[in-house]
Amino acid sequence: MNQKMDKKRIFRAALETKVQRMFGRSIRAASKDQIYQAITQVVSDLVKEQRAYSRELMGNYDGKEVYYLSMEFLMGRALSNNLINLGIEDVVTEVCYELDLDLEELKEIEPDPGLGNGGLGRLAACFLDSLATLGYKATGCGIRYEYGLFQQKIVDGYQVEISDPWLENGSSWEIALPEETEIVKFGGFVEANEVDGRLVYEHKGYQSVRAVPYEMPILGYESDVVNSLRLWAARATKHFDMSLFGQGKYLDALEEKELAEVISKVLYPDDNHPEGKALRLKQQYFFVSASVQSIVRRFRRQHGTDFAKFPDHVVIHINDTHPALAIPELMRILLDEDGLDWDQAWNVTKQTFAYTNHTIMEEALERWPEGLFRDLLPRLWDIVYEINERFCASLWERYPGDWDRIARLSVIAHHEVKMAHLCIVGSFSVNGVARLHSQILRDEVFAEFADFYPEKFTNVTNGVTFRRFLLKANRGLAELITDRIGPGWIKHPEELANFLPYQDDKGTQEALAAIRHNNKIALAKYIADHNHIQVDPSSIFDVQIKRLHEYKRQLLNILHVLYLYNRLLEDPSFDLHPRTFIFGAKAAPGYGMAKLIIKLIHDVGERINNDPTIHGKLKVVFLENYRVSLAEAIIPASDVSEQISTAGKEASGTGNMKFMLNGALTIGTLDGANVEIAQAVGEENIFIFGLRAEETSRYYGEQNYRPYDLYLADPYLKQVLDQLVDGFVNAQKLALYQDLRHGLLHGWGGMADPYFILQDFAAYREAHEQIDAQYRQPDIWWKKAIINIGHAGYFSSDRTIEEYSQRIWKLR
Ligand code: 26Q
């Protein structure tokens, strides 16, 4: 108690001093924004002290370190997380209270660093949290984008993109390390010279860019280990020279500077859809080259040049194929800078890398045109070429004469570099992110690789951090769980199973229902403020929040909403428990169909929300600018979690886990991690519907799927599809959804309705009827909610990280 009083006194004094020093004012005279800045500074000072302390402790650490390379880290806000991890949350809350400051309101001022698109980037962030919490030495390596993922505004139902200058007012969490700058070289040509009887390669005529690292300290929960997220910023090599002004070269210099710095300017906003642009390839090589150079530099400092030991100290993880160039880059450094011969270098390299695949969709697999690759990265091209020559030779030994197979497996084919193939050849481990996904990789997408390298293929099912998505996001529920089973679950997620015995306990059920209701009231207020729509907190909050993608089937959801509306119109006594359908989704700016579906959600919502005849039984809400902080507000207020991707398409999903952890019930297909969630909770505690993955792939194979027949056979389905174009959904623009409808019924040359929306419609409708029936029986509903929470332990990223650490990275 006394200790806490001391901490409060110290924090308060530090805050007062900080406000004075930063703004020359007392706390009472300072603005909210200034107070926020000052609190952030004080907390960031503490974080840095903790980091210094950790570095002291770890100073002589000689074990293995994992480097997690990712183009995306979707970190979300840091203030609250750091308060929790420093263990001073209640101290700061109380100090604020005494000073008449609203801490929750101040926290909202922090911009969300949106350095990622969706699942892949958020997974990287959850992994950093778990690595630090579990005490593993790890460094995240990525790009310090000046602009994160665009901010979404909705204008007249259409998505409009606004830039996201998250660094505009600086970031208090990062530490610039200009003395650790690396040089990255682009373009030019390679000269081979014979020196002392061996070939030495020299890269000439290149352009160089400086890579300057900025580190964000990553604290764990009740952990002494502080790790770093190392983000590289691109800077011109020459400080542009004012003295050139008179010589007319000033503008040239300025242009050169801009050209260099554009590399880390902006995150590509495409999720699960590779854009084959030169700038994207530059971004990839830029951060990968800087990261690998700095990793090798560190190794040399600690261990000299005994590179045979490199894999005992370094493991580099490749988050999807985006950082794949790290493989030939390590080869380049070992060959050209450290003078290893090919076999030595290759031995080190193939023991160093592990690769995770995050997508099954053929069109999402990265390939780069040979010409672009060669011009931009001439030395790496040579190395990739040689890697492939030797790989093809080894294939020939195993499959003599089987040219077709060798062509299919080749890293370079049809003048393209296949990045996934490079990753598989250059890594000792290849994994998918859910059991079904890994099985599809092994048996279908990469079956021939699995035949050649059976030992490389494995599965590690994704997970999410419980600190952010339960402890922080849903304080009420966290307290209820801790009250029943103690706080052990926060670090030992499997202890959530101790909550299962409360499934029939009336008190626990009612407490859970009350917590949910409060969270719904808070979300309803947010909706009233932002959307000017009144929603009823005792309606079922049915939520689909994720990137907008056809395979995720937001279209199925909104067509079903339209169906429910028709039922209410047709039969005023149609017995529907009031429902609020909530959507949040960004569409890639170039993805026309995704943007049209956003417009459709708005048009359907507009019609339903303004129809007094249905007495508010149905509401549709689209929450603008979906992002991590909004997810933290929505998930705890959700009754139903929509996880309805076409089976076989969603590698894992991680939102599904966050909802389950917060006691929402899932309506979903047997896709991605839903399969494992269903198995964990039992089929009576989840609403599974629709085609299975084997069935969708059979349909794709046989091409005998006829959605038009379904349309003719089901009057309800026919009605909603016709309403898209007869003025019911949008009376002003009859043509707007014409193409969308045509694609569902007839296709465009290819297959009609390739995501099986019509096929799954009836089953989806029935699953929703089950939800309606069961929600009306609170003892059943809340029991299921508790069962979901009790089985969520497996879906903690702590479990995921333990698997990577033991089975793949071989960390201590
Ligand atoms: C690639 C090249 C050029 C431009 C963009 C891209 C690009 C960017 C982002 C390609 C893919 C992504 C993101 C993929 C992604 O988020 N995948 C998701 O990963 C999650 C974590 O494993 C899974 O849970 C999801 O199922 C999967 O969709």
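All of these numbers come straight from a predicted model, not from anything done at the bench.

Colleague: Please clarify how the overall build of the protein chain should be interpreted in this entry.
Modeller: Secondary structure assignment for the protein chain yields 32 helices and 23 strands. In terms of C-alpha radius of gyration, the protein chain reaches 28 Å, essentially the compact-globule figure of 28 Å for 812 residues. Taken along its principal axes, the extent of the C-alpha atoms in the protein chain is 90 × 75 × 60 Å. Out of the 812 residues in the protein chain, the part that is buried amounts to 60%. A sequence separation of at least 24 residues applies to 76% of the contacts in the protein chain between residues at least 6 apart. Summed over all atoms, the accessible surface of the protein chain reaches about 32,500 Å², with 50% contributed by carbon and sulfur.

Colleague: Whenever I open this one, the pairing of strand S6 (residues 182-186) confuses me. Can you help?
Modeller: What you see with S6 is a clean split: Glu182, Val184 and Phe186 sit on the buried side and Ile183 and Lys185 on the side with no burial. By the bridge criterion, five bridges tie S6 to strand S9 (residues 207-219) in an arrangement that is antiparallel. Across the sheet, residue Val184 finds its bridge partner in S9, namely Val209.

Colleague: Before we go on, may I ask you to explain helix H30 (residues 757-775) in this structure?
Modeller: Spacing of three or four residues puts side chains on the same side of an α-helix, whose turn is 3.6 residues. In a regular helix each residue adds 1.5 Å, so 19 residues correspond to 27 Å; H30 covers 25 Å between its end C-alpha atoms and thus fits that length. For H30, the principal kink sits at Ala763 and spans about 25°. Those residues of H30 that fall on the buried side of the exposure criterion are Ile757, Leu758, Asp760, Phe761, Tyr764, Arg765, Ala767, His768, Ile771, Asp772, Gln774 and Tyr775.

Colleague: Would you take a moment to explain a nonpolar patch on the surface for this structure?
Modeller: A surface patch of nonpolar side chains, amounting to about 210 Å² of accessible area, comprises Val155, Val160 and Ile162. Mapping Val160 onto the fold places it in strand S4 (residues 158-162). What makes Val160 partly exposed here is its relative accessible area of 33%.

Colleague: Which parts of the structure should I look at to understand the site of the ligand?
Modeller: Close to the ligand lie 21 residues, the nearest being Asp270, His358, Asn462, Glu650 and Gly653. A distance of 2.6 Å is found between an oxygen atom of the ligand and a side-chain nitrogen or oxygen belonging to Glu650. Considering the ligand on its own, with 610 Å² of exposed area, one finds that the protein chains cover 97% of that surface. In terms of residue count, helix H6 (residues 119-133) provides more of the shell around the ligand than any other element does, three residues in total. Residue composition of the shell around the ligand, by class: six nonpolar, eight polar and seven charged.

Colleague: Is there a simple way to think about the packing of helix H11 (residues 342-350) against helix H13 (residues 378-398) in this case?
Modeller: Helix-helix packing is described using two parameters, namely the angle between the two axes and the distance between the axes. Orientation of H11 relative to H13, taken along the N-to-C sense of each, is 90°, at an axis distance of 13 Å. Looking at the two axes, H11 sits roughly perpendicular to H13. Residue-level contacts link Trp342, Asp343 and Trp346 of H11 to Ile383, Glu386, Ile387 and Arg390 of H13. Residues that form the contact of H11 with H13 fall into these classes: four nonpolar, no polar and three charged.

Colleague: Mind showing me how you'd approach the environment of Ile109 here?
Modeller: Tracing the backbone shows Ile109 in the loop between helix H5 (103-107) and H6. Look at Ile109 and you get partly exposed, because its relative accessible area is 29%. A C-alpha to C-alpha distance of 52 Å links Ile109 and Arg706, two positions 597 residues apart in sequence. Filtering out sequence-adjacent residues up to four positions away, Ile109 remains in contact with Lys32, Asp33 and Tyr36.

Colleague: Is there a simple way to explain the sheet that holds strand S13 (residues 367-369) in this structure?
Modeller: Within a sheet, each strand pairs with its neighbour through backbone hydrogen bonds, oriented either parallel or antiparallel. Spatial ordering of the open sheet is given by S13-S15-S14, a layout of three strands whose pairing is antiparallel. One side of each edge strand has no neighbouring strand; the edge strands of this open sheet are S13 and strand S14 (412-413). Strand direction decides the pairing type here: S13 and strand S15 (residues 416-418), joined by three bridges, are antiparallel. Note that in S15 the partner of Pro369 across the bridge is Glu416. Its contacts with the sheet put helix H15 (residues 419-426) on S13 and S15, and the angle it makes with S15 is roughly 45°.

Colleague: Mind showing me how you'd approach helix H4 (residues 89-98) here?
Modeller: Residues of H4 that are buried: Glu89, Val91, Val92, Val95 and Cys96. Projected down its long axis, H4 shows its buried positions confined to an angular sector of 165°, all on one face. Looking at the packing, one finds that the buried side of H4 touches helix H1 (2-23), helix H2 (32-58), helix H3 (79-86), H5 and helix H19 (475-485). Of the residues one or two after H4, Asp100 is the one with positive phi, at around 65°.

Colleague: Explanation requested: the side chain of Arg379 in the structure shown.
Modeller: Structurally, Arg379 can be placed in helix H13. By relative accessible area, Arg379 is classed as buried at 7%. For Arg379, the contacting residues outside a window of four places in its chain are Val190, Tyr201, Arg332, Leu335 and Asp336.

Colleague: Can you walk me through the packing of H6 against helix H32 (residues 797-809) in this structure?
Modeller: H32 packs onto H6 with a crossing angle of 75° between their chain directions and a minimal axis gap of 9 Å. Here H6 is positioned roughly perpendicular relative to H32, judged by the angle of their axes. Residues Cys126, Phe127, Ser130 and Leu131 of H6 form the contact with H32, whose own contacting residues are Ser797, Asp798, Thr800, Ile801, Tyr804 and Trp809.

Colleague: How should I be thinking about the nonpolar core in this particular structure?
Modeller: One recurring pattern in soluble globular proteins: nonpolar side chains tend to sit buried together. Formed by 109 residues in total, the largest nonpolar core has its most connected members in Phe286 and Trp809. Counting residues per element, this core draws most heavily on helix H8 (residues 278-303), at 10 residues. Those residues in contact with Trp809 that lie beyond four places of it in its chain are Lys64, Val66, Tyr68, Leu131, Val315, His317, Ala354, Ile801 and Tyr804. With 98 residues, the next largest nonpolar core counts Leu480, Leu548, Ile644 and Phe728 among its residues.

Colleague: Explain unusual backbone geometry here, please?
Modeller: What you tend to see is this: most non-glycine residues have negative phi, and most peptide bonds are trans. With a phi close to 45°, Glu222 is a non-glycine residue in the positive phi region. For Glu222, the position within the fold is in the loop between S9 and strand S10 (226-236). Its relative accessible area of 57% is what places Glu222 among the exposed residues. One non-glycine residue, Gln703, lies in positive phi territory at about 55°. Along the polypeptide, Gln703 turns up in the loop between helix H26 (693-702) and helix H27 (707-713). The exposed category is assigned to Gln703, whose relative accessible area is 63%.

Colleague: Can you help me understand the pattern of salt bridges in this one?
Modeller: Side-chain pairs of opposite charge can arise whenever the charged atoms involved come near each other. Counted by the stated rule, this structure contains 62 salt bridges. Between Arg567 and Glu570 there is a salt bridge, with its nearest N and O atoms 3.1 Å apart. One end of the pair is Arg567 and the other is Glu570, both in helix H21 (residues 554-570) and three residues apart, which spans about a single turn. Between Asp603 and Lys599 there is a salt bridge; the shortest N-O distance is 3.1 Å. Residue Asp603 and its partner Lys599 are both found in helix H22 (residues 592-609); the two are separated by four residues, about one turn of the helix. Considered together, Asp603 and Lys599 belong to a single accessibility category, that of buried residues. Connected through salt bridges with shared partners, the residues Lys4, Lys8, Arg12, Glu16, Asp90, Glu94 and Glu98 form a single ionic network.

Colleague: Just checking my understanding: could you explain the sheet that holds strand S18 (residues 540-545) for this structure?
Modeller: Ordered by their spatial adjacency, six strands build an open sheet running S20-S19-S18-S21-S22-S23, and the pairing between neighbours is parallel. Two strands lie at the open edges of the sheet, namely strand S20 (618-622) and strand S23 (687-688), each paired on one side alone. Strand direction decides the pairing type here: strand S21 (residues 640-643) and strand S22 (residues 665-668), joined by four bridges, are parallel. From the neighbouring strand, Val640 faces S22, where its bridge partner is Leu665.

The rules we used
- Residues numbered from 1 in each chain as written.
- Predicted model: local features only at pLDDT ≥ 70, side-chain atom pairs only at ≥ 80, totals over all residues.
- Heavy atoms only, no water.
- Helix = DSSP H or I, 4+ residues; strand = E, 2+ residues; numbered from the N terminus.
- Rg over C-alpha atoms; globule rule 2.2 N^0.38 Å.
- Buried < 20%, exposed > 50% of the residue type's maximum accessible area, 1.4 Å probe, protein only.
- Contact = heavy atoms within 4.5 Å.
- Areas by Shrake-Rupley, 256 points an atom, 1.4 Å probe, with all protein chains shown as cover.
- Pairing = 2+ DSSP bridges.
- Expected span 1.5 Å × (residues − 1).
- Bend = angle between axes of the 7 residues up to and from the residue.
- Patch = residues over 30% accessible without salt bridge, like charges linked within 9 Å, V, L, I, M, F, W, Y side chains within 5 Å.
- Salt bridge = Lys/Arg side-chain N within 4 Å of Asp/Glu carboxyl O.
- Near = heavy atom within 4 Å.
- Polar contact = N/O pair within 3.5 Å; in protein donor to acceptor, adjacent residues only side chain to side chain.
- Nonpolar A, V, L, I, M, F, W, Y, C, P; charged D, E, K, R; others polar.
- Axes fitted to C-alpha atoms, helices over the stretch in contact; angles between N-to-C directions.
- Parallel < 35°, antiparallel > 145°, perpendicular 65-115°, else oblique.
- Arc of directions from axis to C-beta.
- Core = buried A, V, L, I, M, F, W, Y, C linked by side-chain atoms within 4.5 Å.

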